[in-house]
Amino acid sequence: MDVGAFMMPNHPPGRDFAEGHEHDLDTLAFLDRIGFAEAWIGCHYTVPTEPCPAPDLLVSQALLRTERIRVSPGGYMLPFHHPAELAHRIAWLDHIGQGRCYIGVGSSGIPTDWLMFDIDGFAGQNREMTEESLDIMMRFWESDGPFEYRGKYWTARRPEGVLGGNYEYHIGTFTKPHPQIAIAGFSPDSPTLVLAGRRDFIPLSLSYSDAYLAGHWASVERGAAESERTPDRSTWRIGRDIYVAETDAEAWDKVVNGAIGAHYRSFWLPVLKHIGMLSACKHHPDVADSDVTVEYIAEHCMAVGSPRTVERKIAAMVEASGGFGTLLVISYDHLEDMEGWRDSMRALAGEVMPAFAGVGAAAR
């Protein structure tokens, strides 16, 4: 099994944008040095704790500062971009990285982002736009001549070249026919993971409890069956909050009283309660909503503790899910705990993950 990171990127409100950006670049360079296989950069517009409206700016700089790690947008919110423009940006990023990045996409689940772009996400318009955008971008990347695409939301054309080729479509992808596409799912029975299965995309599960991991893979399988495909579990990425320290008590204190705990208290728990998804954190449906606290999340939804404790919790994830290929550590701003966070990631990569060396191959 490989180990990677999913960076929202997360920063405390009020963190200077440039300071946070430089911290993210430094973190990615560090992950490259300690052997992380990949990192994904999220994208939001109206989430102050996740201030990254243009993930490819961070990705492109990180690709130039690193040597081995794949750094990928995780991803572009397709309803907010014209697909002809985004097809070019993705192709350009693919050339900058010489193929060293995947392309994550999403339909956006942030109501204030929908409102800003005048998209009715509650009616599913964002999902329709995502599928249409993908069709148009694929047409650009796979085409060998002029075309016109007239969809419900966009019209796009590959124009005929004129003036002896002085004006023509010419920026194709470095990776042929295009970079591998990934899409993330969050909710139980995730429709975006159904889409991943149907289109043979890399599935990214951003999950809390182990209880619905098997359901996430069932969504991938359901989509794959629609296209008569057999999905490969080794392509499946699962994101999880992880913190490793010398002892369980030290790790618990760093999480519950540190950046992760603060983020859950001020952001995730209020958001999950507001959207009616506290059940996603419960190890049993009879658990009362009032019992879902930061301490409960740390015990039941994270891998927090000594190397042996974290190893045991990751093993439980593998068993509950049925097997997967890459574990993604949810990454946080750690300017206030640099030594602790960096030691945690070193211990994960060097002491914990070797125990799972054969899991990815077995999943395949």
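Please read all numbers here as calculations on a predicted model, not as lab measurements.

(A) Expanded view of the overall build of the protein chain. The helix and strand tally for the protein chain stands at 13 helices and 12 strands. Over its C-alpha trace the protein chain gives a radius of gyration of 20 Å, about what one expects of a compact globule, namely 21 Å for 364 residues. Principal-axis analysis of the C-alpha atoms places the extent of the protein chain at approximately 70 × 45 × 45 Å. Split into buried and exposed, the 364 residues of the protein chain put 55% on the buried side. Total accessible area on the protein chain is roughly 15800 Å²; 52% of this is exposed by carbon and sulfur atoms. Across the protein chain, the centroid of the 31 positively charged side chains sits 3 Å from that of the 50 negatively charged ones.

(B) Region of the structure containing helix α6 (residues 191-199). Residues T192, L193, V194, L195, A196 and G197 constitute the buried set of α6. Its buried side turned inward, α6 meets α5 (125-142), β7 (181-185), β8 (202-206) and α7 (213-226). Positive backbone phi, approximately 60°, marks D200, located one or two places after α6.

(C) The environment of P111, seen in detail. Mapped onto the elements of the fold, P111 is located in helix α4 (residues 111-116). When the C-alpha positions of P111 and H23 are compared, they lie 28 Å apart, and in sequence the two are 88 residues distant.

(D) How the structure looks around the sheet that holds strand β12 (residues 326-331). Strand order in this closed barrel of 8 strands is β1-β2-β3-β4-β7-β8-β9-β12, and the pairing throughout is parallel. For this sheet, the mean angle separating the axes of adjacent strands, direction not counted, is 25°. Both strand β2 (residues 38-41) and strand β3 (residues 70-77) contribute to a ladder of 4 bridges, which runs parallel. Its bridge partner lying in β3, W40 is registered against S72. Strands β2 and β3 of the sheet are contacted by helix α2 (residues 55-65), whose axis makes an angle of about 170° with β3. The sheet strands contacting helix α3 (residues 83-96) are β3 and β4 (103-106), and the helix crosses β3 at an angle near 175°.

(E) Molecular detail of helix α12 (residues 338-352). End to end, α12 covers 20 Å across 15 residues, agreeing with the expected 21 Å (1.5 Å per residue, within 8%). Inspection of α12 places G340, W341, R342, S344, M345, A347, L348 and V352 among the buried residues, and these make up the whole buried set.

(F) Structural detail: the pattern of salt bridges. Applying the stated criterion across every chain, the model contains 22 salt bridges. When the shortest N-O distance is used, the salt bridge between R65 and E22 registers 3.0 Å. Of the two residues, R65 is situated in helix α2 and E22 in helix α1 (residues 17-33); the sequence distance between them amounts to 43 residues. On the basis of relative accessibility, which here comes to 44%, the residue R65 falls in the partly exposed class. R89 is paired through a salt bridge with E85; the nearest N and O atoms lie 3.2 Å apart. Taken together, the residues span about one helical turn, with R89 and E85 both in helix α3 at a distance of 4 residues. Judged by its relative accessible area of 26%, R89 is partly exposed. Several salt bridges converge on common partners, so that one network encompasses E131, D135, R198, R199 and E226.

(G) Local environment of the packing of aromatic side chains. In this structure the tally under the stated criterion is 14 aromatic pairs. Judged by centre distance (6.2 Å) and plane angle (75°), the rings of W236 and F324 are edge-to-face. Of this pair, W236 sits in the loop between α7 and β9 (237-240) while F324 sits in the loop between α11 (307-321) and β12, placing them 88 residues apart in sequence. On the basis of relative accessibility, which here comes to 0%, the residue F324 falls in the buried class. A centroid spacing of 5.1 Å and a plane angle of 70° characterise the contact between F267 and W268, whose relative ring orientation is edge-to-face. By relative accessible area, which is 17% here, F267 ends up buried. Taken together, the aromatic side chains of Y45, F80 and F117 make up a single cluster linked through ring pairs. The residue whose ring lies beneath R70 is Y102, and the NZ or CZ to ring-centre distance is 4.4 Å.

(H) Geometry of empty space enclosed by the protein. Tallying each qualifying case throughout the model produces 1 cavity of 30 Å³ or more. Considered as a void within the structure, the largest cavity measures approximately 40 Å³ in volume. Looking at the largest cavity, the residues that line it are M7, M8, P9, N10, H23, D24, T27, S331, Y332, D333 and H334. The greatest single-element share of the lining of the largest cavity, amounting to 3 residues, is contributed by α1. Grouping the amino acids of the lining of the largest cavity by side-chain chemistry returns 4 nonpolar, 5 polar and 2 charged.

(I) Layout of the side chain of R237. By the secondary structure assignment, R237 is in strand β9. Looking at R237, its side chain comes within polar contact range of the main-chain oxygen of T235, at 2.8 Å. Setting aside anything within four residues of it in sequence, one finds R237 in contact with E38, W40, Y102, I202, P203, L204, S205, T326 and L328.

(J) Summary view of the nonpolar core. F36, W141, Y208, Y264 and L348 are the most contacted members of the largest nonpolar core, which has 112 residues in total. Top element by residues in this core is α5. It accounts for 7 residues.

Cut-offs used in this document
- Residues numbered from 1 in each chain as written.
- Predicted model: local features only at pLDDT ≥ 70, side-chain atom pairs only at ≥ 80, totals over all residues.
- Heavy atoms only, no water.
- Helix = DSSP H or I, 4+ residues; strand = E, 2+ residues; numbered from the N terminus.
- Rg over C-alpha atoms; globule rule 2.2 N^0.38 Å.
- Buried < 20%, exposed > 50% of the residue type's maximum accessible area, 1.4 Å probe, protein only.
- Areas by Shrake-Rupley, 256 points an atom, 1.4 Å probe, with all protein chains shown as cover.
- Lys, Arg positive; Asp, Glu negative; His and termini not counted.
- Charge placed at Lys NZ, Arg CZ, Asp CG, Glu CD.
- Contact = heavy atoms within 4.5 Å.
- Pairing = 2+ DSSP bridges.
- Axes fitted to C-alpha atoms, helices over the stretch in contact; angles between N-to-C directions.
- Expected span 1.5 Å × (residues − 1).
- Salt bridge = Lys/Arg side-chain N within 4 Å of Asp/Glu carboxyl O.
- Phe/Tyr/Trp six-rings, centres within 6.5 Å; stacked < 30°, edge-to-face > 60°.
- Lys NZ or Arg CZ within 6 Å of the ring centre and 35° of its normal.
- 1 Å grid on protein atoms, 1.4 Å probe; cavity = no way out; pocket = protein on both sides within 12 Å on 5 of 7 lines; lining within 4 Å.
- Points joined across faces, edges and corners; volume = space filled by probe spheres on them.
- Nonpolar A, V, L, I, M, F, W, Y, C, P; charged D, E, K, R; others polar.
- Polar contact = N/O pair within 3.5 Å; in protein donor to acceptor, adjacent residues only side chain to side chain.
- Core = buried A, V, L, I, M, F, W, Y, C linked by side-chain atoms within 4.5 Å.

Note that all results are geometric; they support no functional claim without further evidence.
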